[in-house]
Each structure stands twice: as C-alpha cells, then as structure tokens.
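Residue-level structural notes
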Amino acid sequence: MDADELRLDGNAAAGMLDEIFRVEVTSAVATCAGCGAREAMGEVHVYAHGPGVVLRCPGCDAVVMRFARIRGRLVADMRGVRDVTF
Amino acid sequence: MAGGWLAAEVREVVPETPSAATLRLDVPGWRGHTAGQHLDVRLTAEDGYTAQRSYSIASAPEDGDPAITVERLEDGEVSPYLVDEAQAGDRLEVRGPVGGWFVWLASRGGPLFLVGGGSGLVPLMSMLRHRQRAGSDAEARLLLSARRPQDVLYANELPTLGIEVVQTYTREAPEGWTGHARRVDRAMLAEVAFPPQARPWIFVCGPTGFVESVAEDLVALGHHASRIRTERFGATGG
C-alpha cells in the first residue's frame, strides 16, 4: 500500500485530539510554522499507521504535530505549528 | 469534545450489503451528535487486549442514540467482528461524538452537494437524514460512486430522501443501465454539481485517492476551497 492511500485527515484524529485538548479541535485553525498556511485541523493530513500519529500540512507537507503514546503517557511534539485558533 | 468512554450495547444489527452492516447502539449518557460526526469504538478481549476504531455515525441527530454503518475490511481486526459476529446485547465502549469540521446543520441551509465513494456515504447519509427529519428545504444533491449495484448502502432509502441522487458504477452496472459507469471525474462533477456561483456547501467522503481527486477537480471547476469539506477514511484501520 503506498503512502498516499495511508493518508487520512484531522477528522480521523479527532478522538485523540479531544482527549488531549479537551475541546473540539477539528474546526480549530492551525498555522503551519513551515509555510504559514492556515488550515482547519479537520483538513490537515494525518498518518496514523505507524507507532505514533503524524499530522502534516496539506500545503507544504511539513510535520505540524506528532503524537505518541510512550509507556502509557501521551507525548505531543508541536514544534511545527505556529499557533492554533480555537 | 469527546469526553470519556461510555458503556454501550448493541440494540440491533441490520445487514446493509454483503460486506456492511448497521449497528444501532444504546449508549446511556450519549449527549447527541451533529450530522457528519463520528465516534470511536473500543473493544476489549477477555485477555484485556483492546482495539479501537473510528466510525462515522449514520443516523440523524433526531434519531437519538447513534447508529454506525461498518464496512468489513478483509484483513481487519475490528470490522469483521462488527459486521459478521456482533449481535443485539453485545457490549462495547464508545467515545464521542467527535469532529466538528465535517458537519452540516439544517440551519446552515443549502445548496448541499454531497459526493460519496463507497462507504463514504455513511456521514453524508446522516446529513441527508437530518435534512429530512428537520424538514429542511435546502436543495440537496448526492453524487454516489459504487463499484457494483449490490455495494450501494441504503439503496431502498435513498429514493425516499427527497433529493436528487446521481449514481455512478465503476466496476459493474445493472443490465440496461444508461447512467454513469465510470469513476467520478471533472466532467461528471461539472455536470452534476451546483454551479460555483450558487456557493454550495460541498462534502466529500470516501477513500483517500477518491476524496483528493474530487476535491482537486471541484477547485479546478471554480468552487472555493473554503466551501469544500473532505473526510478521508483511507485504507488503514479495519
């Protein structure tokens, strides 16, 4: 299966994002730190087939957020997002 | 916001096609949903092993506790159980509703243009049922792509929704079929979609490749990206 078919979107990560942020996140708008594009989180590309979940900018493909469950704790790496408007 | 996991019970399993079934759930504490949202299902085996999947809600908010329609993925871990083995009284856990982006409310009005590929019809069906139950007069049109006639979900209900349904078959059409018999392409979208000047709300759901090519074609036809909402169910999970 090629990478394109594994691509999902932020809607697929909504349950996990809710668990972390405790607010509805798919309609929040994130600014990509790489290219400055502003996208609703529901439209961000999501790759969830690996050990963690990777969110990429649909504009420039840069990683905006990464989440992994490590020893029972959820670790969020959000260096790729400049800001999120809820 | 999803909140925590809720104990749920299967009230009824309704076979839809040879590979899909609708599960009506009883979920005490369910807060209601908006058409287009989904929920997460968690199954726990006797040895404590858990598996979790996300499924679109098929029922209208007006229907009360949620129903999900699940397509069996042959090498899947969860969907074969839900489609083939689950029965009334089975217990599982659900979390949700989740998602607030890929949603439509009757109060938002129309026109509403929905494009579904295969079981991508499920969240769109929730919108159409909601439109009907709410007595909305929003003009709505559904372009539905399926491989074969027997793969079409809700085939008996689609003609009763009071909307225009345009069907295309990509592998095998019924005998004497005079409608579309190819993948959704730009020419088909130009013919079926409301014109961009009508500023339709557009929702596209299906496999990743389907969703991305349809969204790209719609933008090329002049539809504003901000009016197009997409949901990819991809090929992962199961």
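A short tour of the structure in this document, coming up.

Cut-off values and rules
Residues numbered from 1 in each chain as written. Chains lettered and ligands numbered in written order. Predicted model: local features only at pLDDT ≥ 70, side-chain atom pairs only at ≥ 80, totals over all residues. Heavy atoms only, no water. Pairing = 2+ DSSP bridges. Helix = DSSP H or I, 4+ residues; strand = E, 2+ residues; numbered from the N terminus. Axes fitted to C-alpha atoms, helices over the stretch in contact; angles between N-to-C directions. Contact = heavy atoms within 4.5 Å. Buried area = accessible area lost by both parts, 1.4 Å probe. Salt bridge = Lys/Arg side-chain N within 4 Å of Asp/Glu carboxyl O. Polar contact = N/O pair within 3.5 Å; in protein donor to acceptor, adjacent residues only side chain to side chain. Nonpolar A, V, L, I, M, F, W, Y, C, P; charged D, E, K, R; others polar. Buried < 20%, exposed > 50% of the residue type's maximum accessible area, 1.4 Å probe, protein only. Phe/Tyr/Trp six-rings, centres within 6.5 Å; stacked < 30°, edge-to-face > 60°.

Residues and elements named next belong to chain A. Across the sheet, 5 strands lie side by side as S1-S4-S5-S6-S7; this open sheet has antiparallel pairing. Across the chains shown, the open sheet's two edge strands, defined by having one partner strand only, are strand S1 (7–9) and strand S7 (73–77). Put simply, the sheet's adjacent strands are angled 25° from each other on average, direction ignored. One ladder, built from 5 bridges, connects strand S6 (residues 63–70) with S7; its direction is antiparallel. Its bridge partner lying in S7, isoleucine 70 is registered against arginine 73. Against the sheet, helix H2 (residues 14–21) makes contact with strand S5 (53–56), S6 and S7, and its axis sits at roughly 80° relative to S6, the strand it touches most.

In this complex, chain B contributes 23 residues to the contact, which on the side of chain A involves 23 residues. For the pair chain B and chain A, the summed buried area comes to about 1800 Å², and 49% of that belongs to carbon and sulfur atoms. Where chain B meets chain A, there are 2 salt bridges. The salt bridge partner of Glu212(B) is Arg7(A), with a shortest N-O separation of 2.4 Å. At the boundary of chain B with chain A, the tally comes to 11 residue pairs in polar contact (both at pLDDT 80 or more). Mapped by element, the contributors of at least two residues to the side of chain B that touches chain A are strand S3 (38–44), strand S6 (91–98), helix H4 (208–220) and strand S11 (228–232) of chain B. A per-element tally of the side of chain B that touches chain A places S11(B) first, with 5 residues. Of the residues assigned to the side of chain B that touches chain A, the class counts are 8 nonpolar, 9 polar and 6 charged.

Take the pattern of salt bridges next. Counting across every chain of the model gives 22 salt bridges over all chains. Note that Arg24(B) is salt-bridged to Glu12(B), the shortest N-O span being 3.1 Å. With Arg24(B) in strand S2 (residues 20–26) and Glu12(B) in strand S1 (residues 6–17), this pair connects stretches of sequence that are 12 residues apart. On the accessibility criterion, Arg24(B) (32% relative accessible area) is partly exposed. Salt bridges linked by common partners bring Arg7(A), Asp9(A), Glu212(B) and Arg232(B) together as one network.

The subject of this paragraph is the packing of aromatic side chains. Under the definition given, this model contains 3 aromatic pairs over all chains. Residues Phe21(A) and Phe86(A) carry aromatic rings whose centres are separated by 6.1 Å and whose planes lie at 50° to one another, so their mutual orientation is tilted. With Phe21(A) in helix H2 and Phe86(A) in the segment after strand S8 (81–85), this residue pair connects regions lying 65 residues apart in the sequence. Classification of Phe86(A) by relative accessible area gives exposed; the value is 59%. A centroid spacing of 4.9 Å and a plane angle of 75° characterise the contact between Tyr169(B) and Trp177(B), whose relative ring orientation is edge-to-face.

Residue and element names in this part refer to chain A. Strand order in the open sheet made by the 3 strands is S3-S2-S8, with antiparallel pairing throughout. The sheet is open, and its two borders are formed by strand S3 (38–40) and S8, each paired with just one other strand. The sheet shows a mean angle of 25° between the axes of neighbouring strands, taken without regard to direction. The pairing of strand S2 (residues 29–32) with S8 spans 4 bridges and is antiparallel. By the bridge assignment for S8, cysteine 32 is matched with valine 81.

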